[in-house]
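Single-letter residue listing:
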Amino acid sequence: MTPIQIALIAALTAFIAGLLVFLVKSLIAPKRAEHILKLIKQKKLSEAEKSAKRILAKNPNNYLVHYYLGKVYLAENRAELALMEYKTVSENAVFGEDIAEVPFRKEIASLYLKFGQEENALREFLLLTKLEPKNADACYNAGKIYEKQNRSDAALSMFRKTVALDKRRAEAHAAIALLLANAKQLAEAKKEIDLAISLNPEAYGNYYYLGKILKENKNYADAVKAFEKAQRSSEYRERSLIERGVCLMAAGRPDSAL
């Protein structure tokens, strides 16, 4: 056998050995990851964490294990560490059967909100509206962030998409009413807040905004009644008392206002 033939056989042998090692690792790695998931389901979180870290020490690019480690941290209420793992997954992983993108995006969006990272959360919610065009929650949450950023037109658009998908979403109707009232579109605002109240009569904060709209229309008698109901909300109680007093003053009842 010539030296060239020996070299070729050696190279071929090395290639086949390397391929076998790769195939074995490819077969074993998912099973190890599945074992971590099994431990999580069994509430053996400490064991799952140790197993995940052992795998990542040898293969830091195993993003499925990063994902499961994030789930461990979530289950342990260690949200900051969970977010770090989820960000690694978001920036590197290929989504598919192993990591379903929609539930992942929902989880990471919630984590971003928890830590006040609104722009990142907004990006995730907007992506969810594309991945799931009928996801009313994603539209509503995007709208709330836009509203907080004083981007009223974008917020109104998202809230309208929300109620188009879920007509009984009371808080979305209330959000639309508030934006319309701020834009002095009082007739439309009144329709939306009335609808919100009819869908959820026990959301007493909505009566505060109803009162504000009625007050703008100089319907002081009905505004007083609305503010009285709004006092059942601890969040709106003080403001409702003040607004009720202002309406009583405007209605010529200073003693009651005082």
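Anyway, here's the lowdown on the structure attached to this text. (Residues numbered from 1 in each chain as written. Predicted model: local features only at pLDDT ≥ 70, side-chain atom pairs only at ≥ 80, totals over all residues. Heavy atoms only, no water.)

1. What to know about the overall build of the protein
Per the secondary structure count, the protein includes 14 helices and zero strands. When the helices and strands of the protein are read in sequence order from the N terminus, they spell out α-α-α-α-α-α-α-α-α-α-α-α-α-α. Looking at the protein as a whole, 38% of its 258 residues are labelled buried. Contacts spanning at least 24 positions in sequence make up 41% of the contacts within the protein whose residues lie at least 6 apart. Of the accessible surface of the protein, which amounts to about 15,500 Å², a share of 55% is contributed by carbon and sulfur atoms. (Helix = DSSP H or I, 4+ residues; strand = E, 2+ residues; numbered from the N terminus. Buried < 20%, exposed > 50% of the residue type's maximum accessible area, 1.4 Å probe, protein only. Contact = heavy atoms within 4.5 Å. Areas by Shrake-Rupley, 256 points an atom, 1.4 Å probe, with all protein chains shown as cover.)

2. Here we look at the packing of aromatic side chains
Applying the stated rule across the entire model yields 11 aromatic pairs. Note on Tyr67 and Tyr86: the rings are 5.7 Å apart at their centroids and 55 degrees apart in plane angle, and the pair reads as tilted. Placement of Tyr67 in helix H3 (residues 63–75) and of Tyr86 in helix H4 (residues 79–92) is noted, with a sequence separation of 19 residues between them. For the pair Tyr67 and Tyr86, a shared accessibility class is recorded, and that class is buried. Ring centres of Tyr86 and Phe104 lie 5.1 Å apart, and the angle between their planes is 20 degrees; on these two criteria the pair is classed as stacked. Here Phe104 lies in helix H5 (residues 101–114) and Tyr86 lies in helix H4, a separation of 18 residues in the sequence. The exposure class assigned to Phe104 is buried, which follows from its relative accessible area of 0%. Of the aromatic side chains, those joined through ring pairs into one cluster are Tyr67, Tyr68, Tyr86, Phe95 and Phe104. A cation sits over an aromatic face here: Arg169 above Tyr140, 4.8 Å from the ring centre. Stacked on the ring of Tyr208, the Lys or Arg Arg239 has its end atom at 5.5 Å from the ring centre. (Phe/Tyr/Trp six-rings, centres within 6.5 Å; stacked < 30°, edge-to-face > 60°. Lys NZ or Arg CZ within 6 Å of the ring centre and 35° of its normal.)

3. A few points about the packing of helix H11 (residues 205–216) against helix H13 (residues 237–250)
Between two packed helices, what matters for the description is the angle formed by their axes and the separation of those axes. Contact geometry for H11 and H13: axes closest at 11 Å, N-to-C directions at 20 degrees. Taken together, the axis directions place H11 and H13 in an arrangement best described as roughly parallel. Between H11 and H13 lies a crossing whose hand is left-handed. In this structure, H11 contributes Tyr208, Lys212 and Lys215 to the contact, and H13 contributes Arg239, Ser240, Glu243, Val246 and Cys247. When grouped by side-chain class, the residues that make up the contact of H11 with H13 number three nonpolar, one polar and four charged. (Axes fitted to C-alpha atoms, helices over the stretch in contact; angles between N-to-C directions. Parallel < 35°, antiparallel > 145°, perpendicular 65-115°, else oblique. Left-handed = near helix turned anticlockwise from the far one by under 90°. Nonpolar A, V, L, I, M, F, W, Y, C, P; charged D, E, K, R; others polar.)

4. Looking at the side chain of Glu124
Mapped onto the fold, Glu124 is located in helix H6 (residues 118–131). Since its relative accessible area comes to 1%, Glu124 is described here as buried. With near-sequence residues (within four places) excluded, Glu124 lies in contact with Ser90, Arg105, Ile108, Ala109 and Tyr112.

5. Things to note about the side chain of His173
Its location among the elements puts His173 in helix H9 (residues 170–182). A polar contact of 2.8 Å, which involves the side chain of His173, links it to the backbone oxygen of Lys167. When residues no more than four places from it in sequence are discounted, the contact partners of His173 are Val163, Lys167, Glu192, Leu195, Ala196 and Leu199. (Polar contact = N/O pair within 3.5 Å; in protein donor to acceptor, adjacent residues only side chain to side chain.)

6. Description of the environment of Ile55
On the secondary structure map, Ile55 appears in helix H2 (residues 45–58). A relative accessible area of 12% places Ile55 in the buried class. Sequence separation between Ile55 and Arg32 is 23 residues; the distance between their C-alpha atoms is 8.2 Å. Not counting residues up to four positions away in its chain, the partners in contact with Ile55 are Arg32, Ile36, Asn62 and Val65.

7. Describing the nonpolar core
Nonpolar side chains in soluble globular proteins tend to be buried together. Counting residues in hydrophobic clusters, the biggest one holds 70 residues, and the most contacted among them are Ile36 and Tyr67. Once residues within four sequence positions are removed from consideration, Tyr67 is found in contact with Tyr86, Val89, Ile99, Phe104 and Glu107. (Core = buried A, V, L, I, M, F, W, Y, C linked by side-chain atoms within 4.5 Å.)

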